Amino acid sequence: MLIPKHIAIIMDGNGRWAKKRGLPRLYGHHAGMKSVREVVRAASDTGIRVLTLYAFSTENWNRPKSEIKGLFNLLKLFIKKELGSLHKNNVKVIIIGRISELPINIVKLVKKATEKTSKNTGMILNIALNYGGRQEIVDAVNEIITEGIYKKVDEKIFEKYLYTTDLPFPDLIIRTSGESRISNFLLWQSAYSEFYTTKTLWPDFKKKNLMEAISDYQKRNRRFGGL
Ligand code: IPE
Ligand code: IPE
Ligand code: MG
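Note that this is a predicted model, so its numbers are computed, not measured. (Residues numbered from 1 in each chain as written. Chains lettered and ligands numbered in written order. Predicted model: local features only at pLDDT ≥ 70, side-chain atom pairs only at ≥ 80, totals over all residues. Heavy atoms only, no water.)

(A) Spotlight on the site of ligand 2. Neighbouring residues of ligand 2: Ile10, Met11, Asp12, Tyr54, Ala55, Phe56, Ser57, Asn60, Arg63, Arg175, Arg181 and Ser183. A distance of 3.2 Å separates an oxygen atom of ligand 2 from a polar side-chain atom of Asp12. Between Arg175 and ligand 2, the recorded distance is 3.3 Å, taken from a side-chain N or O atom to an oxygen atom. Contact with the protein chains hides 78% of the accessible area of ligand 2, taken as 390 Å² for the molecule alone. A molecule is said to occupy a pocket when more than half its atoms come within 2 Å of that pocket's grid points, and by this definition ligand 2 occupies the largest pocket. (Near = heavy atom within 4 Å. Polar contact = N/O pair within 3.5 Å; in protein donor to acceptor, adjacent residues only side chain to side chain. Areas by Shrake-Rupley, 256 points an atom, 1.4 Å probe, with all protein chains shown as cover. 1 Å grid on protein atoms, 1.4 Å probe; cavity = no way out; pocket = protein on both sides within 12 Å on 5 of 7 lines; lining within 4 Å. Sits in = over half its atoms within 2 Å of the grid points.)

Right under this line is the structure:
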């Protein structure tokens, strides 16, 4: 059966997971980090080529400062704790998003992770950080204008200017927590992606859930507009 080459996940529901337990939202994010660890490992073991995780959107800046700070602290913790084993598992870490707008300590740490793993040949772990699909398209347009090489572009040329330049488009996009919206995620790249939504909240999403999503994907008939 066909394994999706590229899976992208909108990890949603951390806050509700915590609320259900009467805990502060950050506990939900902390629990969600454990799902990240398990799902990354499972995806790599399954032979997924690219796993994109939506970690922080350009709209997430609208949250309270304390939550944003907590999220970045968790990201730091995740990289510090996991970089060694990611590297050992031949995972290549890359980042998409407006990285330069992030706090300098995050920029440095993220750079360390991408540099350390840059020569790895296993799964690509693509973290969408301060990522917005509309911003990505605008950034691409501006880069093309600044370069000044083209008077006119086609889709193939345009795609080279997206953050995802060298990546295949996502075959499967998973969203947890029962929401069915794209929330500014991979707008261009998702044109023909298969969607899988589940009521499961992200901190409860584990290897078993990933396998369920993949086997659901395998039952789909992708037509790409053809017959
Ligand atoms: C997803 O969980 C994590 C991020 C957006 C960073 P949420 O924080 O959105 O959780 P809910 O949607 O409020 O439950
Ligand atoms: C999408 O989740 C962003 C991430 C998972 C990082 P949100 O919780 O921010 O999306 P909305 O606000 O419900 O659309
Ligand atoms: Mg949410």
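(B) Up close: the site of ligand 1. As a matter of local geometry, ligand 1 sits amid 13 residues, with Asp12, Gly15, Arg16, Arg25 and Arg63 nearest to it. Measuring from an oxygen atom of ligand 1, one finds a backbone N or O atom of Asn14 at 3.2 Å. Contact distances for ligand 1 include 2.8 Å between an oxygen atom and a side-chain N or O atom of Arg25. Starting from 380 Å² of accessible surface for ligand 1 in isolation, the protein chains cover 86%. When each cavity is represented as a set of grid points, ligand 1 is found to reside in the largest pocket. Elements with a contribution of two residues or more to the shell around ligand 1: helix H1 (14-20), helix H2 (25-46) and helix H3 (65-88). In the shell around ligand 1, the residues fall into three nonpolar, five polar and five charged. (Helix = DSSP H or I, 4+ residues; strand = E, 2+ residues; numbered from the N terminus. Nonpolar A, V, L, I, M, F, W, Y, C, P; charged D, E, K, R; others polar.)

(C) Summary view of the pattern of salt bridges. With the rule as written, the count across this model stands at 16 salt bridges. Ionic pairing is found between Glu101 and Arg98, a salt bridge with its closest N-O pair at 3.9 Å. You can call Glu101 partly exposed: its relative accessible area is 45%. Of the charged contacts in the structure, one is a salt bridge between Glu194 and Arg222, with a shortest N-O distance of 3.8 Å. Taken together, the positions of Glu194 in strand S6 (residues 194-197) and Arg222 in the segment after helix H7 (207-217) put the pair 28 residues apart, joining distant regions of the chain. Classification of Glu194 as buried rests on a relative accessible area of 15%. If you follow the salt bridges from partner to partner, you end up with Asp12, Arg16, Arg175, Glu179 and Arg181 in one network. (Salt bridge = Lys/Arg side-chain N within 4 Å of Asp/Glu carboxyl O. Buried < 20%, exposed > 50% of the residue type's maximum accessible area, 1.4 Å probe, protein only.)

(D) Spotlight on the pairing of strand S3 (residues 92-96). Inspection of the sheet shows S3 paired to strand S4 (residues 124-131) by five bridges, in the parallel sense. Paired with Ile95 across the two strands is Ile127, which belongs to S4. This β-α-β element, S3 to helix H4 (residues 104-116) to S4, shows left-handed connectivity. (Pairing = 2+ DSSP bridges. Right-handed = clockwise from strand over helix to strand, strands pointing away.)

(E) Fine view of the sheet that holds S4. Across the sheet, six strands lie side by side as S3-S4-S2-S1-S5-S6; this open sheet has parallel pairing. Each edge of the open sheet is held by one strand with a lone partner, namely S3 and S6. Neighbour to neighbour, the strand axes of the sheet diverge by 20° on average, direction disregarded. Both strand S5 (residues 172-175) and S6 contribute to a ladder of four bridges, which runs parallel. Each bridged residue has a counterpart across the sheet, and for Ile174 the counterpart in S6 is Tyr196. With respect to the sheet, H2 is in contact with strand S1 (6-10), strand S2 (50-57) and S4, its orientation differing from that of S2 by roughly 160°. (Axes fitted to C-alpha atoms, helices over the stretch in contact; angles between N-to-C directions. Contact = heavy atoms within 4.5 Å.)

Function cannot be inferred from these measures alone, as they are strictly geometric.
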